[in-house]
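Notes for the structure review
In case you want the letters, here they are:
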Amino acid sequence: MKRILLSLSVLAFLLSAAPPPQRAKATFAGGCFWCMEPPFERLKGVLSVTSGYTGGRVARPSYEAVSAGYTGHREAVEIVYDPAQISYQKLLDVYWHNVDPFDRSGQFCDKGEQYRTAIFVHDAGQRRLAEVSKQAVGVKFHDDVVTDILTAGPFYAAEDYHQDYYKKNPLRYKFYRFNCGRDQRLREVWGAD
């Protein structure tokens, strides 16, 4: 009986001493943040996707101020992921296939600086991978990629009604996405995949 209790005590200690899963952040601006949540949320190893604002000069901006272009922020998503399950490189690949990297004026029907594409990097490793992937996209298409690579700064979660908008309002979301021409343009750029 003592051996069983000792074994259970050792097992309990080992389990409690196990390191928590690693977490890392990736932040991407790709036009309307509603449309950037779904491709990342379905990936194994992605722990959360939050719509919000980053890159601006005002603390805690509102949707109205950002969408009007007053704050310098871009609509973006902040992804928390487990690097043991999914790589930053894979997140970059998913990102590129969900944006038009050649549109200087915004994304699809949303125009303005607040809708321009950007990769906000959290460390030197992310910067290196982002730059290599940007160069690869340019080489593939023989065109200049206008997506910015910027140092990540404060990220402000958008208002609750924006989070998981595509789940909460599926018909409105599909109508918006279709009318904005997002899927049509993505097919033109990236093909049917």
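Our structure's up above, just so we're on the same page.
Notes on the structure in this doc start here. (Residues numbered from 1 in each chain as written. Predicted model: local features only at pLDDT ≥ 70, side-chain atom pairs only at ≥ 80, totals over all residues. Heavy atoms only, no water.)

Moving on: the state of the cysteines. Scanning the entire structure with this criterion turns up one disulfide. At a sulfur-sulfur separation of 1.9 Å, the disulfide partner of cysteine 109 is cysteine 180. For the disulfide bridge between cysteine 109 and cysteine 180, the dihedral angle about the S-S bond is near -105°, and by the sign convention the bridge is left-handed. Placement of cysteine 109 in the loop between β4 (106–107) and β5 (110–111) and of cysteine 180 in helix α7 (residues 170–180) is noted, with a sequence separation of 71 residues between them. By relative accessible area, which is 42% here, cysteine 109 ends up partly exposed. We classify cysteine 180 as buried; its relative accessible area is 9%. (Disulfide = S-S within 2.5 Å. Helix = DSSP H or I, 4+ residues; strand = E, 2+ residues; numbered from the N terminus. Buried < 20%, exposed > 50% of the residue type's maximum accessible area, 1.4 Å probe, protein only.)

As a further point, take the pattern of salt bridges. Throughout the structure, instances matching the rule amount to eleven salt bridges. We note a salt bridge from glutamate 78 to lysine 25, for which the minimum N-O separation is 3.9 Å. With glutamate 78 in strand β3 (residues 74–81) and lysine 25 in strand β1 (residues 24–29), this pair connects stretches of sequence that are 53 residues apart. The exposure class of glutamate 78 is buried, given its relative accessible area of 14%. (Salt bridge = Lys/Arg side-chain N within 4 Å of Asp/Glu carboxyl O.)

As a packed pair, α7 and helix α8 (residues 182–190) sit with axes 5 Å apart at the nearest point and diverge in direction by 50°. The angle between α7 and α8 places the two elements in the oblique class. Residue-level inspection shows Arg177, Phe178 and Cys180 of α7 in contact with α8, the latter providing Arg182, Asp183, Gln184 and Leu186. Taken together, the residues of the contact of α7 with α8 sort by class into three nonpolar, one polar and three charged. (Axes fitted to C-alpha atoms, helices over the stretch in contact; angles between N-to-C directions. Parallel < 35°, antiparallel > 145°, perpendicular 65-115°, else oblique. Contact = heavy atoms within 4.5 Å. Nonpolar A, V, L, I, M, F, W, Y, C, P; charged D, E, K, R; others polar.)

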